[in-house]
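Residue strings, one per chain:
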Amino acid sequence: MLVDLKEILAPAREGKYAVGHFNTFTAVMARSVIQAAEELNAPVIIGIEERQLELCPLEVFASYAIPMAERAKVPVAVHFDRAHSFDACMKALKLGFTSIDFDCSELSFEENVAQVSEIARIAHAFGASVEGELGHVPDAAKLKELEKIDYHTSPAQAGDYVARTGVDALAIAVGTAQGPYTETPKVDFARISAISEAAQIPLVLHGGSGLSDRAFRKAITNGISKINIFTDLNIACGQGIMQAINSGYTQMSEIIPYELYSVRVQAAEKIRLFCWGQARWFEGFIAIRFTYDRYTENWLVELAKILKKQGTDYNTITEYWKRPLNKWTWETHIVNMKRYITNIFI
């Protein structure tokens, strides 16, 4: 179902989990992400960034993304990411996007407030949500150059910014960056917590690709409700295509299933991670593993890693899985496994 950003981020903030936002400039990528969300029974955001419009014009993205979201079995927001021009924002709203990120973070504080508040007023009239940006999230390649510059979001300004602009979500700069990291980013978790306390609205983390699972969980615990992912998804897409080619396939009809699978798995892993601690993904996580590796133990390796991190004795579950199966007992077995795993985590 097609929803706006506010509708899915408010429960995320209250429930201490995050919703994944994935930029998907092809229909294959968008389809893969929504399928992963449906299998995990989780909300999701699909979007496109303004600088990606050379790859996929705004109207083309809207032509496939909005109908996909409308038909989805889970809440899906269609988002225009990091827009820099008023005209582009207006075009997106007229096309039916349900949320806008108007990035005025490189302007002065007062100019940022003035421009974003105007877009917020218009977007709300369209029934859409607005994400503002305070503090600047740089490209990863420039992190070293900016070490002596304070580009981070000020907790002292956050509350004033939210009150004056009327934004529904706030993207903050806390040490992450756009694109592939050349070194481990230093995320300021205390700053996230302070901004969350001051702003009292869902916070957004840009530059999520490349962060550790621990960093994601800590960021969510401290107030992050939306996490933007593109680089990891982009790499997964390319890897799927390369795997198909290396397997001897050269026709698109043969390559696309590999692309779908690779993106779907990457999106599912991120959604599962962001919804950590939420019961909604447990059954879906098991279902997705059965879908991909139904008659193998590959999925169990991943599950065992998760259980080990949590300090759980996973020998029992391993032994249970190795019991003989046949097609007549398979459905019952899946039900029992779901129940067992849900009990472990809840």
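A. Representation of the packing of helix α6 (residues 155-165) against helix α7 (residues 189-199). It is the contact of α6 with α7, at a shortest axis distance of 8 Å, that shows an interaxial angle of 30°. Here α6 is positioned roughly parallel relative to α7, judged by the angle of their axes. Crossing angle aside, the handedness with which α6 passes α7 is right-handed. Residues P155, A158, G159 and V162 of α6 touch α7, and the partners they reach there are R191, A194, I195, A198 and A199.

B. Focus on the confidence of the model for the protein. Per-chain confidence: the protein averages 83 in pLDDT, with 75% of residues scoring 70 or above. Here residues 312-334 is modelled with pLDDT under 50, and outside its nearest four sequence neighbours on either side it reaches 30 contacts, counting other chains as well.

C. Up close: the environment of G47. With respect to the helices and strands, G47 occurs in strand β3 (residues 44-49). Exposure remark for G47: the relative accessible area of 0% places this residue in the buried category. Linking G47 and S99, residues 52 residues apart in sequence, is a C-alpha distance of 9.2 Å.

D. Quick look at α7. Within the span of α7, buried status applies to F189, I192, I195, S196 and A199. Seen along its axis, α7 keeps its buried residues to an arc of 120°; they face one direction. Counted as exposed and oriented over 90 degrees from the buried face of α7: A190 and E197. Tucked into the core, α7 has its buried residues touching α1 (5-15), α6, β7 (169-172), β8 (203-205), α8 (213-221) and β9 (224-229). Residue Q200 follows α7 closely and has a positive phi angle near 60°.

E. Seen up close, the side chain of S129. Examined against the element boundaries, S129 turns out to sit in strand β6 (residues 129-134). For S129, a relative accessible area of 2% gives the class buried. Polar side-chain contacts of S129 include one of 3.4 Å to the backbone nitrogen of L5. For S129, the contacting residues outside a window of four places in its chain are D4, L5, K6, T98, S99, I100 and D168.

F. Representation of the packing of helix α2 (residues 27-40) against helix α3 (residues 58-71) in the model. Two elements in contact, α2 and α3, have axes whose closest approach is 10 Å; the angle formed by their N-to-C orientations is 15°. Taken as axis vectors, α2 and α3 run roughly parallel relative to one another. When the axes of α2 and α3 are compared, the crossing they make is right-handed. From α2, A27, A30, R31, I34 and E38 reach across to α3, where they touch Y64, M68, A69 and R71. In the contact of α2 with α3, the residues fall into six nonpolar, no polar and three charged.

G. Expanded view of the environment of L260. Tracing the backbone shows L260 in helix α10 (residues 252-274). Overall, L260 belongs to the buried group, its relative accessible area being 11%. Separated by 231 residues in the primary sequence, L260 and M29 have C-alpha atoms spaced 6.9 Å apart. For L260, the contacting residues outside a window of four places in its chain are V28, R31 and S32.

H. View of the pattern of salt bridges. Taken as a whole and judged by the stated rule, the model has twelve salt bridges. Between E49 and R51 there is a salt bridge whose closest N-O contact spans 2.8 Å. The exposure class assigned to R51 is exposed, which follows from its relative accessible area of 52%. A salt bridge links K226 to E131, with the nearest nitrogen and oxygen atoms 2.8 Å apart. Of the two residues, K226 is situated in strand β9 and E131 in strand β6; the sequence distance between them amounts to 95 residues. Exposure remark for K226: the relative accessible area of 0% places this residue in the buried category. Since its relative accessible area comes to 0%, E131 is described here as buried. Three or more residues joined by partner-sharing salt bridges are found here, namely R82, D103 and E133.

I. Geometry of the pairing of strand β4 (residues 76-83). Counting buried positions along β4 gives eight out of eight residues, so the element sits mostly inside the fold. Here strand β1 (residues 2-3) pairs with β4 via two bridges, running parallel. Across the sheet, the residue bridging to V3 is A77, located in β4. Note that β3 and β4 share six bridges and pair parallel. Opposite I46, over in β4, you have V78 as the bridge partner. Crossover β4 to strand β5 (residues 99-102) through helix α4 (residues 86-95) is right-handed.

J. Representation of the nonpolar core in the model. With 92 residues, the main nonpolar core has F80, F97, L170, I192, I227 and I271 as its most contacted residues. For this core, the element with the most residues is α3, which contributes eight residues. When residues no more than four places from it in sequence are discounted, the contact partners of F80 are I48, E49, E50, L53, L58, A88, C89, A92, F97, S99, I100 and D101.

Conventions we followed
- Residues numbered from 1 in each chain as written.
- Predicted model: local features only at pLDDT ≥ 70, side-chain atom pairs only at ≥ 80, totals over all residues.
- Heavy atoms only, no water.
- Axes fitted to C-alpha atoms, helices over the stretch in contact; angles between N-to-C directions.
- Helix = DSSP H or I, 4+ residues; strand = E, 2+ residues; numbered from the N terminus.
- Parallel < 35°, antiparallel > 145°, perpendicular 65-115°, else oblique.
- Left-handed = near helix turned anticlockwise from the far one by under 90°.
- Contact = heavy atoms within 4.5 Å.
- pLDDT = per-residue confidence, 0-100.
- Buried < 20%, exposed > 50% of the residue type's maximum accessible area, 1.4 Å probe, protein only.
- Arc of directions from axis to C-beta.
- Polar contact = N/O pair within 3.5 Å; in protein donor to acceptor, adjacent residues only side chain to side chain.
- Nonpolar A, V, L, I, M, F, W, Y, C, P; charged D, E, K, R; others polar.
- Salt bridge = Lys/Arg side-chain N within 4 Å of Asp/Glu carboxyl O.
- Pairing = 2+ DSSP bridges.
- Right-handed = clockwise from strand over helix to strand, strands pointing away.
- Core = buried A, V, L, I, M, F, W, Y, C linked by side-chain atoms within 4.5 Å.

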